[in-house]
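For reference, the chains in residue letters:
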Amino acid sequence: MDIGLIVFGLSGLLTLVCFMPPLAGRVKLPYSVLLAIVGCLLGVLVHVHGWAPPMLGDLLDTIEYFEISSETFLMVFLPVLLFETALAMNVRRLLDDIGPILMMAVVAVVVCTVVVGFAVSAVSSHGLVVCLLLGAIVATTDPVAVVGIFREVGAPRRLTTLVEGESLFNDAASIALYSVLLAVLGGQGTLSVSGVFNDFVYHFVGGGLAGFVMGRGACFLFAWLRGFPTAEITLTLTLAYLSFFISEHYLGVSGVVATVIAGLVVGSTGRTRMSPITFEHLASSWGQFGFWANSLIFLFAAMLVPKLMAAAEPEELLMVAVVFVVTLAARAIVVFGLLPLLGLTPLGTKVSTPYKTVMLWGGLRGAVSLALALAVTEQDAVPEAARQFIAVVTTGYVLSTLFINGMTLRPLIRVLGLNQLSPIERAIRNQALVVALEDLQGKTSELAKTDHISPEVGERIHAVFDASLTSVHDGQIAQMTDEQRVAVGLTIMAQREQELFFDILKAQIVDWRMAEALLARSERLEDAVRNRGLAGFQQGIEADIRYSRGFRLALRMHYMFGLQGWLAHELALRFANLMTKRSVAQRLIVFAREQIGPLLGQAAADQIIATHQRRLDLIEHALQALNLQYPSYALWLQESYLGRTARELERIRYQDMLDQSLISGEVYADLMKQLKDRWRHIERHPPLDMELGAAELITRVPLFEGLSPDSLRAISRLLRPRLALPDQPVLTHGRHGQEMCFVASGAVSVHLPDGTTVELGSGEFIGELALLGKQQVNPDVHSLGYSKLLMLSLRDFEALLARDADLRERIQAVARQRLRAIEVWEQFSRGGAAAPPGPAGELPGPAPADA
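My aim in this report is to walk through the structure given alongside it, one point at a time. Owing to the predicted nature of the structure, the values given are computational and were not obtained by experimental measurement.

1. Things to note about the overall build of the chain
The helix and strand tally for the chain stands at 33 helices and 8 strands. By residue count, 50% of the 851 residues in the chain fall in the buried class. In the chain, 80% of the contacts between residues at least 6 apart in sequence involve partners at least 24 apart. A total of about 39,300 Å² of accessible surface is found on the chain, and carbon and sulfur atoms cover 61% of it.

This is the structure we're talking about:
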């Protein structure tokens, strides 16, 4: 066919599609149902258009000769539809309901295949394998029409997540079963449960791994394309097709699962790897891609309906009714039978009866089922009667679900009340409306005075506001308990926190790695608030301040092997994270004071502010320890943070000048070059000098002053440097008698048995009495900040004293002073009096024997 006619035909179809969404809204039909009707009409018109004028006739001729094969459906349209849906999914919400989703995506497909196969085989003249193949084809659901209805009537977000999540993965399960059964029907394999199971697991898991690797690879490449939005969006488009094709044709695994996982990876991590401008445009771009793909695939599939149904026999039409009833029964088994059982396990979450009812009735079928049926008609190895049977029954069944289920789903949602706000949501809506209208009423009055608008007009506008305020029952907010208002407010604050972190990323104040960690922790905190309210938030902020797994592992590697670079990197990362969180926490407190109070009441706002102030105090405490230990690095971080903010403000200012035509594009480019050079220094990341080398640290210990260089070198080989974190145990009961500790910098706190506390600073040591075999009291020792310690084991201690007589005498002198302090303390303890303070440089009164 001439390329010009192909472009003409596609342009004509897309022009027709442009008018479908508004027309669907006017006639109150689901968009997919309207597309199916228009497609069927086109399928008839292309065969009887002798009456049409030349231009319309050429268009219909072109459409008639389009070669629409199953490969076109699966290779051209399916990757785009899958990737677009996966990209828009909230991965954390998906994981929250992963049990029900996988149950519906995998188990429901198997149940539908088996139930339809055996039921149709019992009432028809076709064999079991043919009927099982039919069951696999009609098992896959199409969420497009359902989700469109959900969004139109305002269905709950979780219901949309369940339906979309099911459709993302059940295509893979259905196509895997379809491939095995088609091979059996064509005489290329044998039907066995173990064979089908092994093949399915291999395809499913292998596709998931392939998609994850390719998705992460694309996220890595975004760093190379950063700043070129068109290139970044193009990479996502190629990823959708490459993940599908490479998995199917080179790796032999499920391309559907690979494309879905790749889309989920990009949707969850890509927002921190892409340039901020790209991510803002990504959703709209993929919404456009999905609109084109969904519209064309439905039109092309529906155009085949008249051809497939032309030779339908009465028996086949009867089988359509049988399949409709049987698939509904099979879905009911899973939804009402297996899902409640899954909810009793840790993998499942409870799904309410209204949700299950909509999930049962909302299992519409669409273009994928038609594409698989079309693929069967293209298989010469399959008997012609079987091809005709599968094509007619599948087509009739898909139309039945679209016109019966699709037309009645909207009323069902309304009857079940799933489109209604909860009492709490209604109360918040009313209160938000009151706050907004009162504020707008005042601003409208100021605008009328400024623009000298007639008082009569101002009164009319005021009457509109007054009527709206009168209709709002703002007293409903008072019916909410304090706990409910605080929980709602904390949820709002958690969502606001994510917005602030994303704004910081867009301003390039932090890099994508840190932004990814900050956003992940913010999402976990939101989940904790949604699940447990205030208690969840309090637990979440404490967990948020704890050291990360990477930090703890780096610290362990430092203890075991003396590795410093990794630990320095983790300390620097913690430093920057805490500073960013402090900035966000301060802005959240202001937001709560200005916005939450008017919305939920001052009492709830005060409690929310108090909890966030406690969080800010925890962050300040953690930062203070780092600031005192690494003051130079803290100053650089503050300079970097402020410099990045100033750079972004300067960039925005130049962009505004360009938008207002105050400067030309050439001037803007030169200004941006100067901006980049001006702030280049803030990108130079100074190393965090941990100063943990034993050779340098022993010079800080007064005990080692005056020793010969040979003695100092010998000591440095024996001492093991260690970084102690704030409040970390240094010498606990289990470590006494095994090692002693020198404080090179920082301070440690010695907790004595009588409840008193002694602090030892730089140059002091502890634990030598136990190593000398004079252990009498075993205190607990904790670090007061980020202390730099030198640890000496018992074996090395004995070797050191045997080698160096001068050092042995110094340690024994201190030991005698501390033993004397212990004797004094014991005498006063037996006499019931308090121990007097010891002399300077010694532990006071109740000095421990190993202190």
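Having seen the structure, we can now continue with the description.
2. Thoughts on the sheet that holds strand β6 (residues 765-766)
Taken in spatial order, the 4 strands make up an open sheet running β1-β8-β3-β6, and their pairing is antiparallel. Of all the strands in the sheet, just β1 (720-724) and β6 have a single pairing partner and so form its edges. Both strand β3 (residues 739-745) and β6 contribute to a ladder of 2 bridges, which runs antiparallel. Looking at the pairing, Phe742 lines up with Phe765 of β6.

3. A closer look at the pairing of strand β5 (residues 757-760)
Of the two faces of β5, the one lined by Val758 and Leu760 is fully buried and the one lined by Thr757 and Glu759 carries no buried residue. In this structure, strand β4 (residues 748-751) lies alongside β5, joined through 4 bridges in antiparallel fashion. Residue Val748 lies in a different strand from β5, and its bridge partner there is Leu760.

4. Here we look at the sheet that holds β4
Pairing is antiparallel in the open sheet, where 4 strands are placed in the order β2-β7-β4-β5. The open sheet is flanked by β2 (729-731) and β5, the only strands paired with a single partner. Each adjacent strand pair in this sheet contributes to an overall mean axis angle of 30°, direction not counted. Strand direction decides the pairing type here: β2 and strand β7 (residues 780-783), joined by 2 bridges, are antiparallel. Directly across from Leu731, in β7, lies its bridge partner Val781.

Conventions and cut-offs
Residues numbered from 1 in each chain as written. Predicted model: local features only at pLDDT ≥ 70, side-chain atom pairs only at ≥ 80, totals over all residues. Heavy atoms only, no water. Helix = DSSP H or I, 4+ residues; strand = E, 2+ residues; numbered from the N terminus. Buried < 20%, exposed > 50% of the residue type's maximum accessible area, 1.4 Å probe, protein only. Contact = heavy atoms within 4.5 Å. Areas by Shrake-Rupley, 256 points an atom, 1.4 Å probe, with all protein chains shown as cover. Pairing = 2+ DSSP bridges. Axes fitted to C-alpha atoms, helices over the stretch in contact; angles between N-to-C directions.

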